[in-house]
Amino acid sequence: MQQARKWIREATSVSVLTGAGISAESGIPTFRGAAGLWKQFRAEQLATPEAFAHDPRLVWEWYDWRRSLIAGAQPNPGHLALVALERAKPRFTLATQNVDGLHERAGSENILKLHGDIWTLRCTICGLERCDRRTPLPELPPLCECGGLLRPGVVWFGESLPNGAWERAERAARECAVFLVIGTSAVVYPAASLVPLAKTSGAKVIECNTEETPFSADLHKSFREPAAELLPQLIA
Ligand code: BV8
Ligand code: ZN
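Computed from a prediction, not measured in an experiment: that's the story for all the values here.

(A) The overall build of the protein, seen in detail. A tally of regular secondary structure across the protein gives 10 helices and 9 strands. By the compact-globule yardstick of 18 Å for 236 residues, the protein fits well, its C-alpha radius of gyration being 18 Å. If you line up the protein on its principal axes, its C-alpha atoms span 55 × 35 × 30 Å. Relative to its full complement of 236 residues, the protein shows a buried share of 52%. Looking at the protein alone, contacts between residues at least 24 apart form 67% of all its contacts between residues at least 6 apart.

Structure (structure tokens):
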């Protein structure tokens, strides 16, 4: 712990990659955890353009359920520790795979939303995008003024990541002195590729995960602890 705290203290540039695990202690189920995310479905079956084309109402029931869960959740000490870290560092980038918006609500500023935002709705016809925080949504699936079907403003499997966000996340992973990877199973690409990229670029890579991940053995430090407990100790 002391060595990791020293690396973080001495670093002038820090980059972070977070996954569903950092929101677990806010009461939001992870994708691949024991609880699983929803009924008998897996994210890979629902978070796809094909699933949405086949049954937009089912996919929207899943997202509406998640939106209601998230609306009742609060950022936890893990999210807040990253806000303190951002304020203490000259260069700081937070790339998140989460779509729950909890980093924003915690006060993080330089956030790269690699997989979009559950509060954004985008029209499949005219492309109009808007933020709609109503839970539950009045009608499922929601429709645009133009009559088109609205979709969640998230990145589904098989869809490319938002250009700007991905390029900036890659550059941050290459340039940072310390790379924190928190609460991600590191199986979804290209987000997971930021971890080896940071390591081969010379950063000290520190992981926080309650379980082992494919990268744990290769990292400078891998803490087997919950983020809401570890991050405040690491960053204080
Ligand atoms: C792309 C947004 C190409 C929506 C998500 C084979 C077939 C088909 C595709 C592929 C394939 N092989 C690779 C691919 C590509 C695919 C992919 O990686 N698939 C995986 C499953 C193999 N990737 C894509 O399709 C990506 N796009 O490649 O496009 C392309 C390229 C150019 C041009 C056109 C196209 C898009 C991927 C994004 C998909 N969208 N979500 C939504 O949220 O609804 S992915 C989804 O998984 C979430 O974003 C989630 O964040 C992400 C990763 O999961 P995690 O965040 O890691 O969460 P998970 O539950 O898995 O793990 C939680 C971890 O926390 C665990 O390790 C647990 O131990 C830990 N934990 C739990 N509690 C705590 C904790 N840690 C600390 N403290 C705690 N308290
Ligand atoms: Zn429209």
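After that view, the rundown keeps rolling.
(B) Structural context of the layout of surface pockets. In this structure, the largest pocket encloses a volume near 830 Å³. For the lining of the largest pocket, the class distribution of residues is 23 nonpolar, 14 polar and 7 charged. Both of domain 1 (2–27 + 75–115 + 161–234) and domain 2 (43–72 + 123–154) provide at least three residues apiece to the lining of the largest pocket. If you add up the space inside the second largest pocket, you get close to 190 Å³. Forming the walls of the second largest pocket are 13 residues, and the residues nearest its centre are Thr93, Arg168, Arg171, Ala172 and Glu175.

(C) Spatial organisation of empty space enclosed by the protein. Summed over all chains, the structure comprises 3 cavities of 30 Å³ or more. Approximately 90 Å³ is the volume attributed to the largest cavity. Lining the largest cavity are 11 residues, with Ala20, Ile28, Phe31, Arg66 and Asp100 sitting closest to its centre. By volume, the second largest cavity is sized at about 80 Å³. Thr96, Asn98, Val99, Asp100, Gly101, Leu102, His103, Glu104, Ile111, Lys113, Gly116 and Asp117 are the residues that line the second largest cavity. Here the residues of the lining of the second largest cavity are counted per class, giving 3 nonpolar, 5 polar and 4 charged.

(D) Looking closely at the sheet that holds strand S7 (residues 178–182). Taken in spatial order, the 6 strands of this open sheet run S3-S2-S1-S7-S8-S9, and their pairing is parallel. Of all strands in the sheet, those bounded by a partner on one side alone are strand S3 (111–113) and strand S9 (221–223). Averaged over all adjacent pairs, the angle separating strand axes in this sheet is 15°, with direction ignored. Across 5 bridges, S7 lies against strand S8 (residues 204–208) in parallel orientation. Across the sheet, residue Val178 finds its bridge partner in S8, namely Lys204. Most of the contacts of helix H6 (residues 77–88) go to strand S2 (residues 91–96), to which it runs at about 150°, and overall it touches strand S1 (13–18), S2 and S7. Contacts from helix H8 (residues 163–175) reach S1, S2, S3 and S7, with the element oriented near 130° to S3.

So, how was this worked out
Residues numbered from 1 in each chain as written. Chains lettered and ligands numbered in written order. Predicted model: local features only at pLDDT ≥ 70, side-chain atom pairs only at ≥ 80, totals over all residues. Heavy atoms only, no water. Helix = DSSP H or I, 4+ residues; strand = E, 2+ residues; numbered from the N terminus. Rg over C-alpha atoms; globule rule 2.2 N^0.38 Å. Buried < 20%, exposed > 50% of the residue type's maximum accessible area, 1.4 Å probe, protein only. Contact = heavy atoms within 4.5 Å. 1 Å grid on protein atoms, 1.4 Å probe; cavity = no way out; pocket = protein on both sides within 12 Å on 5 of 7 lines; lining within 4 Å. Points joined across faces, edges and corners; volume = space filled by probe spheres on them. Nonpolar A, V, L, I, M, F, W, Y, C, P; charged D, E, K, R; others polar. Domains from an automatic or database assignment. Pairing = 2+ DSSP bridges. Axes fitted to C-alpha atoms, helices over the stretch in contact; angles between N-to-C directions.

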